[in-house]
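What follows is the residue order along each chain.
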Amino acid sequence: MNEQNYYDTILHKFSMVYRPEDVYINELFGGIAQLDAGVTTVMDVSQIHHSPEHSDAAIEGLRDAGRRGVFGYFEGYGDRLQYPADARRIREQYFSSDDQLMTMVMGGEIYMSGWEAAWDVGRELDLPIALHVVGTFGMRDTFDQLARDGRFGPNHIFIHMTGMSDMAWQAAADAGSHVSLAVPIEMHMRHGYPPIQKCIDLGLSTSLSTDVECTMTADFFTQMRHLITLQRMWVNEAALSGAKDYPALMQCIDAIRFATMGGAEGLGLAHKVGSLTPGKEADIILLDANAINVAPLNNAPGAVVTLMERTNVDTVMVAGRIMKWQGALQGFDVPRLRSELETSRDYLFEAAGIERDLFA
């Protein structure tokens, strides 16, 4: 493992010194940056809830970005920590209706002590429960026990699902649980093999996750390209090795579905968004198919998945509101926000006692 890694550096150093104002500007800027990349909807796995003020700042930043957001109320640290009990206040104050642009998910990480209380609060508030499931974090035994106890349901979102037993996988499939794959991160951060084919073989509702933008870009073109390339690598290797029976090659339209309807299904939003269907809300992105990197266009799904990137995102709409028009974000003073973000960054490096080295 690297001397500098996400768990030690980000969670145990940087996150500990975040003030509410740092939470707000990072949440807001991250939101508009993803809108610029064409990401209309996010489940924000928010792990910065050191106090109620931190929670409020996270929600306000997510709201002010103006996109469709599912606020994930996860853990925090310190003397003023109110997780998981403060979920009751947050639910009543910000998410009393499930029919709004922002909704809520309860975080229930099984690698942390006291996760049972978080699950209880989530069920009490009728919230989906989301958690990271990573074999290299030693979660397999706990996850197996939950599977044997019949604790999974259609309102569970399992992120990664690396290194889990066949028994637990089948229990998740039987329960109708959702899996979110962060393929580049799973490969990059030693989580284990991304279980793409397992999700396909079991027919699980599956979406794509960017996980941590401090490690890997959050645009969905990168996610789709990693997804289809890795699945095809495995299938092609099986064929080259002389296997008589191996899975079908993933098609580009399949990768697009993972990135659109898959996410909508996992977040309980498939009745509102995820496809161009009469009666749904207008979360729409327009992609430039005349750009030099895709011209001349011969196959639309192939161009989107294998050739395009964030510069092809021309126009973005969220619930019918134009957030980006002909390549330019609308309604945000990006230079001012960038300056505020840089001020926050400088404070965080100093407070965490970490030297800022652009070439580390």
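Preceding this section is the structure that the text describes.
Being a predicted model, the structure only gives us computed values, none of them experimental. (Residues numbered from 1 in each chain as written. Predicted model: local features only at pLDDT ≥ 70, side-chain atom pairs only at ≥ 80, totals over all residues. Heavy atoms only, no water.)

Trainee: Mind showing me how you'd approach the environment of phenylalanine 137 here?
Mentor: Note that phenylalanine 137 resides in the loop between β4 (129-134) and α6 (140-148). Separated by 25 residues in sequence, phenylalanine 137 and threonine 162 have C-alpha atoms that sit 9.9 Å apart. Aside from chain neighbours lying at most four places away, what touches phenylalanine 137 is Tyr7 and Tyr111. (Helix = DSSP H or I, 4+ residues; strand = E, 2+ residues; numbered from the N terminus. Contact = heavy atoms within 4.5 Å.)

Trainee: Looking at this structure, I do not really get the environment of serine 205. What am I missing?
Mentor: Among the structural elements, serine 205 can be located in strand β7 (residues 205-208). With relative accessibility at 23%, the residue serine 205 sits in the partly exposed group. Serine 205 sits 56 residues away from methionine 261 along the chain, and the two C-alpha atoms are 9.3 Å apart. (Buried < 20%, exposed > 50% of the residue type's maximum accessible area, 1.4 Å probe, protein only.)

Trainee: Please explain the sheet that holds strand β11 (residues 328-329) as it appears in this structure.
Mentor: Pairing between the strands of a sheet comes from backbone hydrogen bonds, and it takes one of two forms, parallel or antiparallel. Read across the open sheet, the 4 strands follow the order β8-β9-β10-β11; overall the sheet is antiparallel. Looking at which strands have only one partner, the edges of the open sheet turn out to be β8 (284-287) and β11. Bridge count for strand β10 (residues 321-325) against β11 is 2 bridges, and the pairing is antiparallel. In the sheet register, tryptophan 325 faces β11, and the bridge partner there is alanine 328. (Pairing = 2+ DSSP bridges.)

Trainee: When you look at the pattern of salt bridges in this model, what are you seeing that I'm missing?
Mentor: For the structure on display, the rule yields 19 salt bridges. With a closest N to O distance of 3.0 Å, lysine 324 and aspartate 36 form a salt bridge. Here the residue lysine 324 occupies a position in strand β10, and aspartate 36 occupies one in helix α2 (residues 20-36), the gap between them amounting to 288 residues. On the basis of relative accessibility, which here comes to 3%, the residue lysine 324 falls in the buried class. Assessed through its relative accessible area of 22%, aspartate 36 is described here as partly exposed. (Salt bridge = Lys/Arg side-chain N within 4 Å of Asp/Glu carboxyl O.)

Trainee: Any chance you could explain the nonpolar core here in plain terms?
Mentor: Ranked by size, the top nonpolar core spans 79 residues in total, and within it Phe71, Met106, Phe143, Phe152, Met161, Met224 and Leu227 carry the most contacts. The residues contacting methionine 161, other than those within four sequence positions of it, are Val133, Phe143, Trp169, Ala172, Val179 and Pro195. Counting 10 residues, the second largest nonpolar core, distinct from the first, contains Val70, Phe74, Val105 and Ala264. (Core = buried A, V, L, I, M, F, W, Y, C linked by side-chain atoms within 4.5 Å.)

Trainee: Would you mind going over the sheet that holds β7 with me for this structure?
Mentor: Reading across from one edge, β1-β2-β3-β4-β5-β6-β7 is the order of the 7 strands in this open sheet, with parallel pairing throughout. Each of the sheet's edge strands pairs with one partner strand only, and the pair in question is β1 (41-46) and β7. In this sheet, neighbouring strand axes are inclined to one another by 30° on average, regardless of whether the strands run parallel or antiparallel. Relative to β7, strand β6 (residues 178-181) runs parallel, the two sharing 4 bridges. Across the sheet, residue serine 180 finds its bridge partner in β7, namely serine 207. (Axes fitted to C-alpha atoms, helices over the stretch in contact; angles between N-to-C directions.)

Trainee: When you look at unusual backbone geometry in this model, what are you seeing that I'm missing?
Mentor: Excluding glycine, most residues fall at negative phi; most peptide bonds, likewise, are trans. Cis geometry marks the peptide bond from tyrosine 83 to proline 84, where omega comes out at 0°. For proline 84, the position within the fold is in the loop between β2 (68-73) and α4 (87-94). With an omega dihedral of -5°, the bond running from alanine 295 to proline 296 counts as a cis peptide bond. Here proline 296 lies in the loop between β8 and α13 (300-306).

Trainee: Can you walk me through α4 in this structure?
Mentor: Structurally, the α-helix is built with 3.6 residues per turn, so residues lying three or four positions apart point the same way. When we look at burial in α4, the residues that qualify are Ala87, Ile90, Arg91 and Tyr94. End-on view of α4: buried residues confined to an arc of 100°, all on one side of the axis. (Arc of directions from axis to C-beta.)

Trainee: Explain α6 to me, please; I cannot follow it from the model alone.
Mentor: Looking only at α6, the buried set comprises Phe143, Asp144, Leu146 and Ala147. When α6 is viewed along its axis, its buried side chains cluster within an angular range of 160° and face the same direction. When the buried face of α6 is taken as reference, the exposed residues oriented beyond 90 degrees from it are Asp141 and Arg148. The inward-facing, buried residues of α6 abut α5 (115-124), β4, β5 (156-162) and α7 (166-175).

Trainee: Where do I start with the pairing of β4 in this structure?
Mentor: Consecutive residues of a regular strand have side chains that alternate between opposite faces of the sheet. By the criterion of burial, β4 is predominantly enclosed, with 6 of the 6 residues buried. Every second residue of β4 is oriented toward a common face, with Ile129, Leu131 and Val133 on one face and Ala130, His132 and Val134 on the other, all of them buried. Across 2 bridges, the pairing between strand β3 (residues 102-107) and β4 is parallel. Note on β4: the bridge partner recorded for glycine 107 is alanine 130.

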